[in-house]
Amino acid sequence: MTDPQIALMMLGLFIVFVFLGFPIAFTLMAMGIGFGYYAYFDARRMWRSFDRLEETAGTWEQWTTWIEGFFNNRIFDLFVNQTFTVMSNEVLTAVPLFLFMGYIVERANIVDRLFTTLNIASKNIPGSMGVAALITCALFATATGIVGAVVTLMGLLALPAMLKARYDPSFASGIICAGGTLGILIPPSIMLIVYAAASNVSIVRLYAGALLPGLTLVGLYLIYVIGRSILQPSSAPRPTDEEVPDIPKGKLFLMVVTSFLPLAFLILAVLGSILFGLATPTEAASIGALGGMLLAVVYRAMTWQRLRESVYLTVRTTAMVCWLFVGSYTFSAVFSYLGGEHVISEFVQGLNLTPIQFLIMAQIIIFLLGWPLEWSEIIIIFVPIFLPLLKFFEIDPLFFGILVALNLQTSFLTPPMAMSAYYLKGIAPPEVRLTQIFAGVMPFLFCVILSMVLMYVFPQIVFYLPELFYGK
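Bear in mind the structure is a predicted one, so any value in this text is a computation, not a measurement.

1. Things to note about the overall build of the protein
When you go through the protein residue by residue, the secondary structure sums to 22 helices and 0 strands. Along the first, second and third principal axes, the C-alpha atoms of the protein reach 90 × 55 × 50 Å. In the protein, of all internal contacts separated by at least 6 residues, the share reaching a separation of at least 24 is 79%. Total accessible area on the protein stands at roughly 21200 Å², and carbon and sulfur atoms take up 68% of it. Each charge class in the protein can be summarised by its mean position, and for the 23 positive and 26 negative side chains these summaries are 12 Å apart.

2. Considerations on helix α9 (residues 147-164)
Over its 18 residues, α9 extends 25 Å from the first C-alpha to the last, a length consistent with the 26 Å expected when each residue adds 1.5 Å. Approximately 45° is the largest bend angle found in α9, and it occurs at G155. Taken together, the buried positions of α9 are V147, G148, A149, V150, V151, M154, G155, A158, L159 and M162. Where α9 is buried, its residues meet α6 (94-106), α7 (110-121), α8 (128-144), α10 (169-180) and α20 (419-425). Directly beyond the C-terminal end of α9, a positive phi value near 70° is found at R166.

3. Re the pattern of salt bridges
Inspection of the entire model under this criterion finds 1 salt bridge. The partner of R228 in a salt bridge is D168, and the shortest N-O contact between them spans 4.0 Å. Of this pair, R228 sits in helix α12 (residues 203-231) while D168 sits in the loop between α9 and α10, and the two are 60 residues apart along the sequence.

4. Observations concerning unusual backbone geometry
One non-glycine residue, R166, adopts positive backbone phi at about 70°. The exposure class assigned to R166 is partly exposed, which follows from its relative accessible area of 42%. One non-glycine residue with positive phi stands out, namely N352, at about 55°. Mapped onto the elements of the fold, N352 is located in the loop between α16 (340-350) and α17 (355-369).

5. Quick look at the packing of aromatic side chains
According to the stated counting rule, one finds 17 aromatic pairs in the structure shown. A ring pair is formed by F276 and F469, whose centres lie 5.6 Å apart and whose planes are at 50°; its orientation type is tilted. Of this pair, F276 sits in the loop between α13 (249-275) and α14 (281-298) while F469 sits in helix α22 (residues 460-470); the two residues are 193 residues apart in sequence, bridging distant segments of the chain. Given the relative accessible area of 33%, F469 is considered partly exposed. Taken together, the ring pairs in this structure connect Y167, F171, Y221, Y224 and F444 into an aromatic cluster.

Rules behind the numbers
- Residues numbered from 1 in each chain as written.
- Predicted model: local features only at pLDDT ≥ 70, side-chain atom pairs only at ≥ 80, totals over all residues.
- Heavy atoms only, no water.
- Helix = DSSP H or I, 4+ residues; strand = E, 2+ residues; numbered from the N terminus.
- Contact = heavy atoms within 4.5 Å.
- Areas by Shrake-Rupley, 256 points an atom, 1.4 Å probe, with all protein chains shown as cover.
- Lys, Arg positive; Asp, Glu negative; His and termini not counted.
- Charge placed at Lys NZ, Arg CZ, Asp CG, Glu CD.
- Expected span 1.5 Å × (residues − 1).
- Bend = angle between axes of the 7 residues up to and from the residue.
- Buried < 20%, exposed > 50% of the residue type's maximum accessible area, 1.4 Å probe, protein only.
- Salt bridge = Lys/Arg side-chain N within 4 Å of Asp/Glu carboxyl O.
- Phe/Tyr/Trp six-rings, centres within 6.5 Å; stacked < 30°, edge-to-face > 60°.

Interpretation in functional terms is not warranted from these geometric data alone.
Dropping the structure here:
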């Protein structure tokens, strides 16, 4: 077999092992080192280590000589260097800080206050409780970036209230599932940080580019919720005075000030300091983490147990992301060295695709990968395969990254592997069936696809803010 054929076999075996359920990070590292041992094998270098075998026959030193000879391969140097590169990456330093901010905010009892306030404030809007739930999801998802946490917490808080208010179970479930995924796209998004580290695109420009697409998607969601509530009032009945009482404007203003403004200010402070160049993403993430702790203290929700849980979850998630990077970098280096990347590049270029056709093909592949894989695995492992082709098709990596972020919304919403639906089903009342949740997310899935079409047709939605703030 030629080296490129071995590289393709390496990729095929990796996909097989993933579907068999092996841990992805360790599978990447094992296959990278295993195939890399073959790729970087140098017989002369190995036998130089065995020169002392005759002198040390029958002694303990003979065994150490064998071990030294076995490990005298450049793949082990590559693995160590890749590990150091990942652990010292300044962009990735922001990941644990944003995660810590999210976990602290999740435990600060902010969301229930926020949902209650928005529910009262939007009482006269059609589908008011759905609108309040969607906006709460958007803010909370933006602050945390953790889809499972947002969907689970909002499912415990908002879904029972919406069902009690006679909302259609399918409609209510779709709102929570779709709203919970928005943190993948809307800055400060952890996914965009990971993409920036994988693609070497400026995280600042990525955040600026993702802002309008994120708001566009939220706008489409709100249009659908309000429009359906008008056209089909039975799916979202107007709340009665008993369900949502009228309160004095002064008290409502105080509720907004104490529940909505602190979280909104924290998000805007973090995002604004990045976009306007006042702080690096890492420094802004530090501010966000400190701000999250202060919010928890102000709301009297900071306890030693919650702090310990937040630190533990942050360390666990960060370790997963970093080791995925280590495995991916090692795997990709060996795959490229064997010529696999060149084979894929030649194959795609030989299809004579237009840039639009290539984008559509790439997004379909990422859409399908989103069924069995998490977004982190797609960004770290598979997106780098497409990145070298962007220059050939004259596609801006920033534009490609925003499309991927939009596309990954679908991976959480598309049956039969819609993870948001499974998160919600795990805590929903027994009468809410999984098929109802699947039916509820489908209209929001079409909103995501519509937003991607808008990005294709009007790319300035992505490029306007980066060019306005930082030039072309």
